[in-house]
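Tertiary structure, described
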Amino acid sequence: MSNERLIWGGGLALIAVLLLGRALIDRPNEPTWGRAYVRPVRVLEWTTAPVTQPTPATVLPLTQLAEPTPAGSVRAITYTDASRLQADAQFSWWRTLGLWVAALLTLCSFSYLYRDNLGYRLAESLVVGVSAAYGIITAVWSYLVPYLLKGLAPVLTAQLFLPREDLYSPTFLKQGWNACDWTMLAPLFLGMLLFSRFAPKWTWLSRWPVAFVVGTYAGIRLTMILESDFVMQIGNSILPLIVVADGRIDYWRSLTNSLTIFGLICCLTYFFFSIEHKGTIGGMARIGVWVLMITFGASFAYTVMGRITLLTLRLEFLLGDWLGLLTE
Amino acid sequence: MAGPAAGHWLLNLDRRWVYLAMMIAVAVPLLLRQQQLEPATELTLNVFRQIEDLPSGSRVAIICDYDGASEAELGPMATAITRHCCLRKHKMVFLSLWPTGGPVIDRHIKEIVIGEFASAKFVDGEDFVNLGYGLGEILAIKALMKDLSSVYAKDTRGRPLSQLPILRNVSGMGDLDLMVDISAGMPGGKEWVQVGLTQAPVPFVVGCTGVQAPQLYPYYTPPRRRASANPPPTANVPEQQQGAAVPPEAANNIPPKESHERTTGQVLGFLAALKGAAEYESELIRRYPEQYPDLKSARHNAIRRMGPQLWAHLLVIGLIGLGNVLQVVGRRRRLATSGVSNSASTS
């Protein structure tokens, strides 16, 4: 038997055993697998009257909500995830469908570890497509509509796109319904210039908005980074070599402070190229390289830890939410 | 002793076996529910103390600068910090500079503030507020420090900030008592230090992903210890690290709270990766054993995920060691073989 068949066979057999085992030990009064349950909760929404005093927003099970609805407030029913063992739990077809789609897409993503395949490409395309769509929608509703369109045509934008906008609010009335913010023409113009990249003859025009953004960011960040990453970092590096706490020498902190300063000086020496790295300077530069390597190692180890955590979460989902093996 | 064939076989092992081994190393501890309390490091304790030492009713900003991709690491952190703020009855101001941060905040409020702590009856607008997504990245940070309303005209429920009791006498983030940023990238902890703290000094702590942690270490400025510094809370409860339920009497070992002094710097404490989150959860269990008597409760996501970390790391270390041993043995064999053939050809 080839390795390929062995791996596939082993993996599928393991999954089959898990599913079968779970199905066999499943009992009516125990949590089940592959099914999603919800329970209704009543949401006490905010008041419909003009806001003068914020009202409480609570989520309570229907059974516990006996008190009358406060005047001027709205109550709505929503559904929240539940265990089948809960008294008012209801089976949810839609959430069950979502659970299975999520589980199958997770397995499709994992399948790339074996080799590239159609399932993996489907999952990857979905992630890219959904992310791009989310980004575009967010940009439209966070930047274009509330700032650009509302600035240029406030009433029309509020009527068409912003139903929650209070057209009679003091701010709106103060501005005047038809008061347009003509300064918004500047970002509109700069934004339109970006599309000149599609016309080879006018591509150079797209550099202007990019130059504006880069220049603004650089100007804003320069002074702040000088303070936070230069002045304050120097301040943080000035540490006592001998730490005295409560009248006694704190040997551990003295050691760590000394090592920090020594490591810092060695790293700086490595990047100091005006003197040839020989003798003492060469030795310190070499120690500096070691300190840098340890830093990179720690950074890589943290990354590995993060990746293992991601795997853990996915397996928690597959084994717990989907297969119901991790119930309390 | 492994022969040449065994060495050859292991050196050419299909990497998919390694993937399978890793999956087993992660899955088995999850199934066996192997979990234990994590001893808190100074980094974590500094975050804990910042929240614990604040007087009840202090205003804490919880900034959720992350999305679903970092939920595994940062979700437990945000949950534990929200829980701690609820336990201490602090007023919580939730916001995010990530477009995808809005749903994250909604979930924490729904599950923790008005879910787990329903009996505390926290009032939206008085005890907590969700400002939602703030547009503008670092420009927003710069503006927020001085004037909240320049970024947020209203909260997510459409109420003007000026009408919210929780934000009475607060013009910018600089007026809050503490800022906690849970960050997965940019804008995140680094940007809040670089741009925010240079605008207005506020006590600031960070929770970040493992990838980000090395970038944030240089900003760590531990608050200076006071003369009557608290002993580490782990010192009195060694038996709790064995995974048993926490005895209520452990609460009696908590040192008395000191009067709060506002301490500022760059990052006063930070939670690095899942380990930091697990340490924070463990600290909550130690300090509040009555609220969290069961270590194996599903609430402690970070602690549960540390079991797989142990075995996965052991596997990685074992494989690195095995690979190096095989390389060294293989090289020696090759040298020995070439030495024999050289001497044979010489003779």
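In what follows, the structure referred to is the one given above.
This structure is a prediction, so every number in the text was calculated from the model and none was measured. (Residues numbered from 1 in each chain as written. Chains lettered and ligands numbered in written order. Predicted model: local features only at pLDDT ≥ 70, side-chain atom pairs only at ≥ 80, totals over all residues. Heavy atoms only, no water.)

It is worth spelling out the overall build of chain B at this point. From N to C terminus, chain B includes 10 helices and six strands. When burial is assessed residue by residue, chain B has 54% of its 347 residues classed as buried. Within chain B, contacts between residues separated by at least 24 positions form 82% of all contacts whose residues are at least 6 apart in sequence. In the structure as shown, chain B presents an accessible area of about 14400 Å², 57% of it carried by carbon and sulfur atoms. (Helix = DSSP H or I, 4+ residues; strand = E, 2+ residues; numbered from the N terminus. Buried < 20%, exposed > 50% of the residue type's maximum accessible area, 1.4 Å probe, protein only. Contact = heavy atoms within 4.5 Å. Areas by Shrake-Rupley, 256 points an atom, 1.4 Å probe, with all protein chains shown as cover.)

Residue and element names in this part refer to chain A. Of the positions making up helix H4 (residues 154–161), those classed as buried are Pro154, Val155, Thr157 and Ala158. The buried side chains of H4 occupy one side of the element, clustering within an arc of 165° when seen end-on. For H4, the exposed residues lying more than 90 degrees away from the buried face are Leu156, Gln159 and Leu160. (Arc of directions from axis to C-beta.)

Next up on the list: the pairing of strand E5 (residues 204–208) of chain B. Residue and element names in this part refer to chain B. Of all five residues making up E5, five are buried, and the element is well covered by its neighbours. Judged by which residues are buried, E5 turns out to be covered on both faces: Phe204, Val206 and Cys208 on one side and Val205 and Gly207 on the other are all buried. Sheet topology note: the strand E4 (residues 178–183)/E5 ladder contains five bridges and is parallel. Bridge assignment links Ile182 to a residue of E5, and that residue is Gly207. Taken together, the four bridges between E5 and strand E6 (residues 269–272) define a ladder with parallel strand orientation. Counted as the bridge partner of Val205 is Gly269 from E6. (Pairing = 2+ DSSP bridges.)

Another point: the packing of helix H2 (residues 93–110) of chain A against helix H3 (residues 118–152) of chain A. All names here are of chain A. Axis separation between H2 and H3 bottoms out at 7 Å; the angle between their running directions is 115°. With respect to each other, H2 and H3 are oriented roughly perpendicular. Relative to H3, H2 is oriented so that their crossing is left-handed. For the pair formed by H2 and H3, the contact residues are Leu105, Cys108 and Ser109 on the first element and Gly119, Tyr120, Ala123 and Leu126 on the second. Taken together, the residues of the contact of H2 with H3 sort by class into five nonpolar, two polar and no charged. (Axes fitted to C-alpha atoms, helices over the stretch in contact; angles between N-to-C directions. Parallel < 35°, antiparallel > 145°, perpendicular 65-115°, else oblique. Left-handed = near helix turned anticlockwise from the far one by under 90°. Nonpolar A, V, L, I, M, F, W, Y, C, P; charged D, E, K, R; others polar.)

So, about the side chain of His90 of chain B. Residue and element names in this part refer to chain B. In this structure, His90 sits in the loop between helix H4 (71–87) and strand E2 (91–96). Of the residues examined, His90 reaches a relative accessible area of 1% and is grouped as buried. A polar contact of 2.8 Å, which involves the side chain of His90, links it to the backbone oxygen of Ile51. Among the polar contacts made by the side chain of His90, one reaches the main-chain carbonyl oxygen of Pro55 at a distance of 3.4 Å. (Polar contact = N/O pair within 3.5 Å; in protein donor to acceptor, adjacent residues only side chain to side chain.)

A few words on the interface of chain B and chain A. At the interface, 68 residues of chain B touch 59 residues of chain A. Per-residue buried area on chain B facing chain A is highest for Arg16, Leu135 and Arg157 of chain B; these three make up 11% of the total on that side. A salt bridge links Arg304 of chain B to Glu316 of chain A, with the shortest nitrogen-to-oxygen separation between them at 3.2 Å. Remark: the boundary between chain B and chain A carries 14 residue pairs in polar contact (both at pLDDT 80 or more). Those elements that provide at least two residues to the side of chain B that touches chain A are helix H2 (15–32), H4, helix H5 (101–116), helix H6 (137–146), helix H7 (189–196), helix H8 (213–216), helix H9 (273–287) and helix H10 (301–346) of chain B. Partitioning the side of chain B that touches chain A into residue classes produces 36 nonpolar, 15 polar and 17 charged. (Buried area = accessible area lost by both parts, 1.4 Å probe. Salt bridge = Lys/Arg side-chain N within 4 Å of Asp/Glu carboxyl O.)

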